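Residues per chain are reported as follows:
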Amino acid sequence: MAATADIAQANTQAAQTAERWRAVRYLFLIFLGFWLLFTLFPLYFMAITAFKSAAETNLTQPTFWPQEWFPENFVGVFAEPTNFSALVDSFIIATGNTLLSLLLGSLAGYAFARFPRQAGGENMAFWMLSNRMFPPVAILVPMFFLFDNTPWGTDSHISLIILYLVFNLPLATWLMMVFFRDVPHELEEAAYLDGWKPLRAFVKVTLPLVLPGMISVAMLCWIFAWNEYLFANLFVGSDVRTYTIVIPTFTHGSQTLWNLQMAFSLIAMIPPVVLFIVLRRYMVRGLSLGVVKG
Amino acid sequence: MTPERKEAVVSEIVRGTPSTYPAWFSARKRSKPLIVSRRVPILLVGLPVLVLLAIVIYPTIWMFYHSLRDTNINHLFSGEHASVGLENYRTVLSSERFHDSLWHLALYLFFGACLQVLLGTLLALIIYEYLKSNLARALILILLVLPMMLPPSIVGTLWRFLLTPSNGAINQALLDLGIISSHIEWFNAGVSLWSIIIADVWNWTALPLLIVYSGRVSLPPAVYEAARVDGAGQWKVLRRITLPMLKEVIAIAFILRFTDAFKFVDLVYVMTSGGPAQSSELPTYIAFQRGIREFAIGEAAAYAIIIFAISAIIVTLFLKYMKRVMKAQGLA
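Residues numbered from 1 in each chain as written. Chains lettered and ligands numbered in written order. Predicted model: local features only at pLDDT ≥ 70, side-chain atom pairs only at ≥ 80, totals over all residues.

Caption draft 1: Expanded view of the overall build of chain A. Secondary structure summary: chain A contains 14 helices and 2 strands in total. The C-alpha radius of gyration of chain A comes to 27 Å, more than 25% above the 19 Å expected for a compact globule of 294 residues. Evaluated residue by residue, chain A yields a buried proportion of 47% over its 294 residues. For chain A, contacts bridging at least 24 residues in sequence account for 72% of all contacts bridging at least 6. (Helix = DSSP H or I, 4+ residues; strand = E, 2+ residues; numbered from the N terminus. Rg over C-alpha atoms; globule rule 2.2 N^0.38 Å. Buried ≥ 20, exposed ≤ 12 C-beta atoms within 10 Å, placed from the backbone. Contact = placed C-beta atoms within 7 Å.)

Shown next as structure tokens:
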């Protein structure tokens, strides 16, 4: 008898715990829903603002659905020709910096992966990585005066292409090292056996194997360079303008043209978002510096 | 190559006398496989290291030098700056403005960086445990990560727009929902720092979320199976299995956010410019402001060196920890 009572009691207890967990589960799902709302509301408002008329964005009571649709905003943004050239400038800088980071980063990454000791050991690799966390404020002022003394000056593509190496080169080096390590070096040695020269073995055997990783590193570097604001804000502005420094400047007299600003932002966020969706898996590895497998 | 020849070569390689390597590639020490002449790795690493030295070490030395001198914009161009010893550091360390900004930094680190990691972890586990369809998971992850793909200038202007006190969308939405009864002045003294923190949480919570989520995905299902067979409840599984196994991943996310938080300055610049009346300034912002806008280069350099020292300590700790994690994973 006692045994049955025990079992019955255990059963009710289990049922109670299950009940409690169901409640917790709903709480958590509600929280997730709330967070989705918090994340998406600003983006939603940005999107609909891009379709409003200038007058509607300045109403005393903001509207959550456009009274009148103004897709012309997306054309109007480019009425100012410098806005389009800003996107082009950003593209040139991001692409140039990506190529440079990838080239230098692959050299060092390959050396760290294949010849760890001769290339300076893990301390050297970690030192390279530590540069990514270097506070940019400590670089800004001296580099400004340094580039001021060069023939091309601060206000040029090349100055930003070089400066962005501060954060992109450590990332590229480190990630390329992780990717090169994944390729067993026996494969390369097998190619030497067949009498191939090292460069040929590298190009024909190792390179195709790291290519997917390399592409993802390139895209990550590209996104970081595309989105950079602080350096660009200080260094360029008249001859060259990146789109990130153009965004805060949409004003007409004392009034901010929110609709054009949001339309321009929407256009500019397409490349990074598309790249992210394509490379979700590598993104995690890149953002966590290779520690977490995506 | 005949089979015999190939076999001979293989055994040569195994014995460590790789005669098939080209001459310049051959080993000095013959005991190890694939050892190249000393110059190759140094050449490979040399160029990137030189570049980094030039763009990182040079500015550090420059800053250190000028932090000991009374440099301002005129002195800099005429080259007539004089040594003032530690005067700049004394000015910085004793200034009220710096103390306030340290307090702001502490608030920002706690409510910004720490909260992001906590929320990110919680959300990652919710998404993994309670959503069973892969499509739903992928979709929600993509939606939640969107803010991270935006540059600080868009995030800053967008939130300044949303939080406009008189006719901003957030105030209106909160009024409509009946949560508040009058407009919140988001950019008044004492509140503006919180506005920045909200924008930053919106922007960066996805990073810890992504990292912890990937960590959770890679945990072995067998462990959970065993726990289920043993009749462990959900709470116990979470506390005894999931969290301990994710400890390192969470720590990495935490440290990444922390090191970024020390560099953080762009949202302050775009959203409030440190105001009103310096009430939302962070140390990095003051260094930026003093050096770039007011050209008090000596003092800005002192700020930069102090910030650099703090972040160097944190980065060193981070790298030590990361070395351990990578060793445990067999990566290093």
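Still more ground to cover, so stick around.
Caption draft 2: Spotlight on the nonpolar core. Within the largest apolar cluster, 166 residues are counted, with the highest numbers of intra-cluster contacts made by B:Leu207, B:Ile211 and B:Ala304. If you tally residues by element for this core, the top one is helix H8 (residues 165-182) of chain A, at 13 residues. Sequence-distant contacts of B:Ile211, that is, excluding residues within four places in its chain, are made with A:Val284, A:Leu287, A:Ser288, A:Val292, B:Val249, B:Ile252 and B:Ala253. (Core = buried A, V, L, I, M, F, W, Y, C linked by C-beta atoms within 7 Å.)

Caption draft 3: Spotlight on the packing of helix H5 (residues 121-130) of chain A against H8(A). Residues and elements named next belong to chain A. Packing of H5 against H8 leaves a shortest axis separation of 8 Å and a crossing angle of 140°. As judged from the angle between their axes, H5 and H8 are oblique. Every pair of crossing elements has a handedness; the one defined by H5 and H8 is left-handed. In contact with Ala-125, Met-128 and Leu-129 of H5, H8 contributes Pro-170, Thr-173, Trp-174 and Met-177. (Axes fitted to C-alpha atoms, helices over the stretch in contact; angles between N-to-C directions. Parallel < 35°, antiparallel > 145°, perpendicular 65-115°, else oblique. Left-handed = near helix turned anticlockwise from the far one by under 90°.)

Caption draft 4: Up close: the environment of A:Gln61. Mapped onto the elements, A:Gln61 comes out in the loop between helix H2 (54-57) and helix H3 (73-76). Through-space distance from the C-alpha of A:Gln61 to that of A:Leu211 is 53 Å; in sequence the pair is 150 residues apart. Setting aside anything within four residues of it in sequence, one finds A:Gln61 in contact with B:Asn167 and B:Gln172.

Caption draft 5: Spotlight on helix H13 (residues 258-278) of chain A. Residue and element names in this part refer to chain A. The end-to-end C-alpha distance of H13, which contains 21 residues, comes to 30 Å, matching closely the 30 Å that a straight helix rising 1.5 Å per residue would cover. Within H13, the axis deviates most sharply at Ile-270, by approximately 35°, and proline Pro-271 lies no more than four positions further along. The set of residues buried in H13 consists of Trp-258, Asn-259, Leu-260, Gln-261, Met-262, Ala-263, Phe-264, Ser-265, Leu-266, Ala-268, Met-269 and Pro-272. (Expected span 1.5 Å × (residues − 1). Bend = angle between axes of the 7 residues up to and from the residue.)

Caption draft 6: Structural view of the interface of chain A and chain B. On the chain B side, the residues contacting the 86 residues of chain A number 87 residues. Of all the elements, helix H1 (residues 2-49) of chain A adds the most residues to the side of chain A that touches chain B, at 16 residues. Looking at side-chain class alone, the side of chain A that touches chain B contains 63 nonpolar, 18 polar and 5 charged residues. (Nonpolar A, V, L, I, M, F, W, Y, C, P; charged D, E, K, R; others polar.)

Caption draft 7: Up close: the packing of helix H4 (residues 81-114) of chain A against helix H10 (residues 198-227) of chain A. Residue and element names in this part refer to chain A. Two numbers describe how H4 lies on H10: the axes approach to 8 Å, and their chain directions differ by 140°. Judged by the angle between their axes, H4 and H10 are oblique. Here H4 and H10 pass one another in a crossing that is right-handed. In this structure, H4 contributes Ser-90, Ile-93, Ala-94, Thr-95, Asn-97, Thr-98, Ser-101 and Leu-102 to the contact, and H10 contributes Met-214, Val-217, Ala-218, Cys-221, Trp-222, Ala-225 and Trp-226. For the contact of H4 with H10, the class distribution of residues is 10 nonpolar, 5 polar and no charged.

Caption draft 8: How the structure looks around the domain arrangement of chain A. One can read the domain layout of chain A as domain 1 (2-49) and domain 2 (78-287). Spacing between the C-alpha centres of domain 1 of chain A and domain 2 of chain A amounts to 42 Å. (Domains from an automatic or database assignment.)

Caption draft 9: How the structure looks around the environment of B:Ile252. Relative to the assigned elements, B:Ile252 resides in helix H12 (residues 234-263). A C-alpha to C-alpha distance of 8.5 Å links B:Ile252 and B:Ile211, two positions 41 residues apart in sequence. When sequence neighbours within four positions are dropped, the list of residues in contact with B:Ile252 reads A:Ser288, A:Val291, A:Val292, B:Ile211, B:Met322 and B:Val325.

Caption draft 10: Local environment of the confidence of the model for chain B. All names here are of chain B. Of all residues in chain B, 87% have pLDDT values of 70 or greater, and the mean over the chain is 81. The weakest mean pLDDT in chain B belongs to helix H1 (residues 3-15) at 59; the strongest belongs to helix H9 (residues 192-204) at 91. Low pLDDT (under 50) marks residues 22-33, which in the prediction has 19 contacts with non-local residues, meaning those over four places away or in another chain. For this predicted complex, the interface score ipTM comes out at 0.84, alongside a pTM of 0.83. (pLDDT = per-residue confidence, 0-100.)

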